[in-house]
Amino acid sequence: MCGIFGCICEAAVPVLVDGLRRLEYRGYDSVGFAFISEGRIIVMKDKGSIDDFVRRVDLDSLDSRIEVGIGHTRWATHGAPCKENAHPHLDCTGSIAIVHNGVLENFLELRAGLQARGHAFSSNTDSEVIAHLVEEGVRSGIGLKGALASASSQTRGSMAVAALSSAEPDRIVCFRRESPLILGIGPKGVYCASDIPALVKYATRFFLMPEGSLATLTRGGFTLESASGEQIDPCAVGVDWDLAAVDRGGYAHFMLKEIHEQPLAVSNTLRISAEYVARAASLLLGKRILLTGSGTSYHACLCASYLLNSLGFDARAIISSEFEEHLKGQPLGEAVVVGVSQSGETADTLGAIRHAKRLGARVLGITNTLSSSITSLSDAYLCTQGGPEIGVAATKSFLTQLVALEMLSFRAALASGSLSRADYEGVVSEMASLPAKISSILGRLDRLREIALKYADRRDAYFLGRGMNVATAMEGALKLKEISYIHAEGYPAGESKHGPISLVEPGFLCVFVAPKDSSRQRIIGNVMEMKARGAEIFSVLTEGDGELVEVSDEHFEVPESPEYLYPVLCTVPLQALAYYVATYRGLDPDRPRNLAKSVTVL
Ligand code: F6R
């Protein structure tokens with residue numbers, strides 16, 4: 001939620017704009033910049049996206065000698081998305097500017113205290129209290145760094161902050177607690193950002209700010225220290241993403257690019273070292289397995305829970321935001337929690353993991369971001385190899401999560417003895433066929449474009465599946481609803497007759513995920529029930545399934561495969577369907593309203 005970028009380099013203004021643009025997936029309700037120019041702070045901010053802002057505001061009129069600046073792209077938590085609530089926030093004197101990513105739990109109390117001491121507020125945000133607390137520290141003579149350390153000790157909650165003071169015009173001071181902040185050094189400058197994609201173009205070395213640390217960035221580099229003032233040695237992280245990986249690379253949208261990157265993302269994930277997978281799998285043995293994630297990542301958990309149960313484990317998928325309530329009163333000493341998250345920063349998933357750890361559970365993290373909070377909390381982790389995912393709707397991260405979870409499940413089954421070595425080898429070779437099968441689906445996306453055109457004006461849709469493909473259906477519905485704003489529900493197909501079917505009338509769209517697996521015969525019954533009520537049937541089915549083609553109005557074929565590969569294969573056409581429907585409706589699939597890529601609030 002929210003992106004921060006800061007830089008100290010020549011011609012800082014275009015660098016800030018570019019860096020922030022690469023963080024817009026974290027939120028795009030409003031945008032703002034603060035620069036130091038001739039010893040003064042200039043703030044420019046407004047509602048809306050960076051592109052709107054740049055069109056309205058004459059950034060070229062700014063002094064090209066500006067070298068120090070910070071910027072922010074916002075996903076509103078406290079206070080409506082409007083100019084006043086946009087960051088940066090200033091103190092009462094206009095000589096301190098801060099940008100903040102996170103949520104302060106005690107801001108009401110802090111704000112009341114600050115107001116009683118004469119501070120005037122110009123926004124409804126929680127973040128503005130930081131500017132005023134820093135102002136008090138600076139006024140007491142402890143300098144910007146001391147003042148930010150003092151402000152951080154008075155606040156509770158998540159807080160990644162970059163701050164400027166006109167009294168110390170050569171530097172940016174940063175603090176980080178719970179929300180991520182990464183520092184970068186390159187040939188032309190020093191940078192800080194909420195995420196690595198914003199830094200890739202400028203930095204050659206990357207450093208994670210440790211929890212609770214302060215960094216002072218100057219032209220010569222940065223120093224890092226704990227809140228109590230002890231020097232900390234920076235910990236470099238290896239980043240092998242090139243610029244092409246974080247740019248659109250000729251595609252109209254990141255989402256489409258990322259859909260097309262799936263064969264590569266899956267084959268990279270299949271290359272995760274067997275030793276890592278075996279180590280992670282050993283954590284599952286003899287344990288009750290609780291898989292947890294949010295949104296799309298929860299769907300990956302749900303799918304894996306079916307597979308793990310079929311392999312003889314005791315597995316349950318629980319939505320992260322419900323984890324604590326769901327397991328209230330249960331001891332978790334015998335459990336292993338598998339926390340699944342693309343970003344590794346989702347507050348609900350972090351909350352579930354922290355709760356489980358407090359109760360004695362071991363934690364296995366599956367994230368796409370090695371340097372994330374979830375990996376650092378985990379006893380073991382697997383890093384999916386999806387590469388940067390910028391589009392707000394999860395695509396390649398879902399496929400790589402499914403693949404990583406399957407690798408893990410089968411490896412655990414081999415170790416537990418429920419799967420023979422020969423069967424395991426068979427699974428490994430089937431999984432190796434996935435990238436080519438996904439490519440063959442991508443080669444036929446034109447067909448989905450036609451189907452999408454037909455359905456683009458629908459108001460509602462059901463997505464129905466059975467077994468592991470309940471998760472596929474739920475994922476298809478989530479994709480459609482979040483980027484096209486069509487009301488879509490994913491359901492177990494057998495459950496539809498217990499209520500949902502009452503909405504079905506002639507022309508109602510029902511998307512069936514119905515490959516040739518063990519539930520295929522039963523799902524045909526569900527198709528017939530819907531058809532009998534006049535529903536329009538679009539089936540994702542196995543190639544050559546003439547019987548299902550016959551009863552479907554539209555269909556899309558996926559290659560014949562073992563049952564456990566179908567969720568991966570059947571998801572791809574559903575992603576593309578959602579993408580094309582959104583674009584036909586004139587919507588930007590990379591920026592669905594009210595959403596952000598990384599949801600770091602509870
Ligand atoms: C949907 C989507 C979200 C995320 C969810 C969890 O397309 O992207 O539902 O899956 O916010 O995010 P991560 O995986 O980063 O924990």
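Along each chain, residue indices are assigned from 1 in the same order as the chain's sequence is written. Only residues with pLDDT of 70 or above have their local features reported here, since the model is predicted, and side-chain atom pairs are shown and tallied only from 80 upward, although totals for entire chains, interfaces and linings are computed over all residues. Side-chain metrics in this entry use all non-hydrogen atoms of the structure; hydrogen atoms and water are not considered.

Worth spelling out the cut-off: UniProt positions are given in the numbering used here, feature names are shortened, and annotations may be inferred rather than shown by experiment.
Labelled according to an unreviewed UniProt entry, the protein chain appears under the name Glutamine--fructose-6-phosphate aminotransferase [isomerizing], originating from Methanosuratincola subterraneus. Turning to the protein chain, the UniProt record has this under Function (unreviewed entry): "Catalyzes the first step in hexosamine metabolism, converting fructose-6P into glucosamine-6P using glutamine as a nitrogen source." Entered under Catalytic activity (unreviewed entry) in the UniProt record, the comment concerning the protein chain runs "D-fructose 6-phosphate + L-glutamine = D-glucosamine 6-phosphate + L-glutamate".

**Section: the sheet that holds strand S6 (residues 96-101)**
Formally: Here the rule is simple: two strands pair whenever DSSP picks up at least two bridges between them. The secondary structure listing takes helices from DSSP runs of H or I that are at least 4 residues long and strands from runs of E that are at least 2 residues long, numbered from the N terminus. Contact criterion: two residues are considered in contact whenever any of their non-hydrogen atoms come within 4.5 Å of each other. The axes are straight lines fitted to the C-alpha atoms, using for helices just the contacting stretch, and the angles between their N-to-C directions are given from 0 to 180°.
Reading across the sheet, the six strands line up as S5-S6-S7-S8-S12-S13 and stay open at both edges, with antiparallel pairing between neighbours. Whereas interior strands pair on both sides, the edge strands pair on one side only; in this sheet they are strand S5 (89-90) and strand S13 (221-226). Sheet topology note: the strand S12 (residues 213-218)/S13 ladder contains six bridges and is antiparallel. Paired with Ser-213 across the bridge in S13 is Ser-226. Packed on one face of the sheet, helix H4 (residues 128-139) meets S5, S6 and strand S7 (159-165) and runs near 140° to S6.

**Observations regarding the domain arrangement of the protein chain**
Stated precisely, the cut-off is as follows: Each domain's limits were defined by an automated method or a database of domain assignments. Here, a salt bridge means any Lys or Arg side-chain nitrogen found within 4 Å of an Asp or Glu carboxyl oxygen.
Domain annotation for the protein chain reports domain 1 (3-247), domain 2 (251-432) and domain 3 (442-596). One C-alpha centre belongs to domain 1, the other to domain 2; they are set 33 Å apart. Across the boundary between the two partners, domain 1 contributes 13 residues, which contact nine residues of domain 2. Applying the counting rule to domain 1 against domain 2 returns zero salt bridges.

**Structural notes on the UniProt feature "domain: SIS" (unreviewed entry) in the protein chain**
UniProt marks residues 279-418 and 451-592 with the feature "domain: SIS" (unreviewed entry), using the numbering shown here. In this annotation, residues 451-592 is assigned 42% helix and 21% strand; the end-to-end C-alpha distance for the span is 22 Å.

**Side note on helix H18 (residues 468-484)**
The condition that has to hold: Each residue after the first adds 1.5 Å to the expected span of a helix. Exposure is judged per residue with a 1.4 Å probe applied to protein chains only, and the accessible area is read against the type maximum: over 50% gives exposed, under 20% gives buried, and values in between give partly exposed.
For H18, built from 17 residues, the straight-helix expectation of 24 Å at 1.5 Å per residue is met to within 8% by its first-to-last C-alpha distance of 25 Å. Counting buried residues in H18 gives 15 out of 17 residues, a clear majority hidden from the surface. Looking at the residues trailing H18, positive phi occurs at Tyr-485, about 65°.

**Observations concerning the sheet that holds strand S19 (residues 380-383)**
Spatial strand order, S16-S15-S17-S18-S19: five strands in an open sheet with parallel pairing. Of all strands in the sheet, those bounded by a partner on one side alone are strand S16 (314-319) and S19. Each strand axis lies, on average, 20° off the axis of its neighbour in the sheet, ignoring direction. Across six bridges, strand S17 (residues 335-341) lies against strand S18 (residues 362-367) in parallel orientation. Its bridge partner being in S18, Val-338 is matched across the sheet by Leu-364.

**Focus on the site of the ligand**
Short version of the rule: Here, proximity means that at least one heavy atom of the residue falls within 4 Å of the molecule or strand. We call two N or O atoms a polar contact when they sit within 3.5 Å, provided that within protein one can donate a hydrogen and the other can accept it, with sequence-adjacent residues counted only if both atoms are side-chain atoms. Accessible surface area values rest on a Shrake-Rupley calculation with a 1.4 Å probe, where residue burial reflects the displayed protein chains alone. The nonpolar class holds Ala, Val, Leu, Ile, Met, Phe, Trp, Tyr, Cys and Pro. Asp, Glu, Lys and Arg form the charged class, and all remaining residues, Gly among them, are polar.
Taken together, the neighbourhood of the ligand is formed by 14 residues, with Ser-297, Ser-341, Gln-342, Thr-346 and Glu-482 sitting nearest. For the ligand, an oxygen atom lies 2.7 Å from a polar atom in the backbone of Gln-342. At 2.7 Å from an oxygen atom of the ligand is found a side-chain nitrogen or oxygen belonging to Ser-343. Protein contacts shield 90% of the accessible area of the ligand, which totals 410 Å² for the unbound molecule. For the shell around the ligand, the secondary structure elements donating two or more residues are helix H10 (295-310) and H18. Considering only residue class, the shell around the ligand consists of four nonpolar, eight polar and two charged. Composition of the shell around the ligand by domain shows at least three residues from each of domain 2 (251-432) and domain 3 (442-596).

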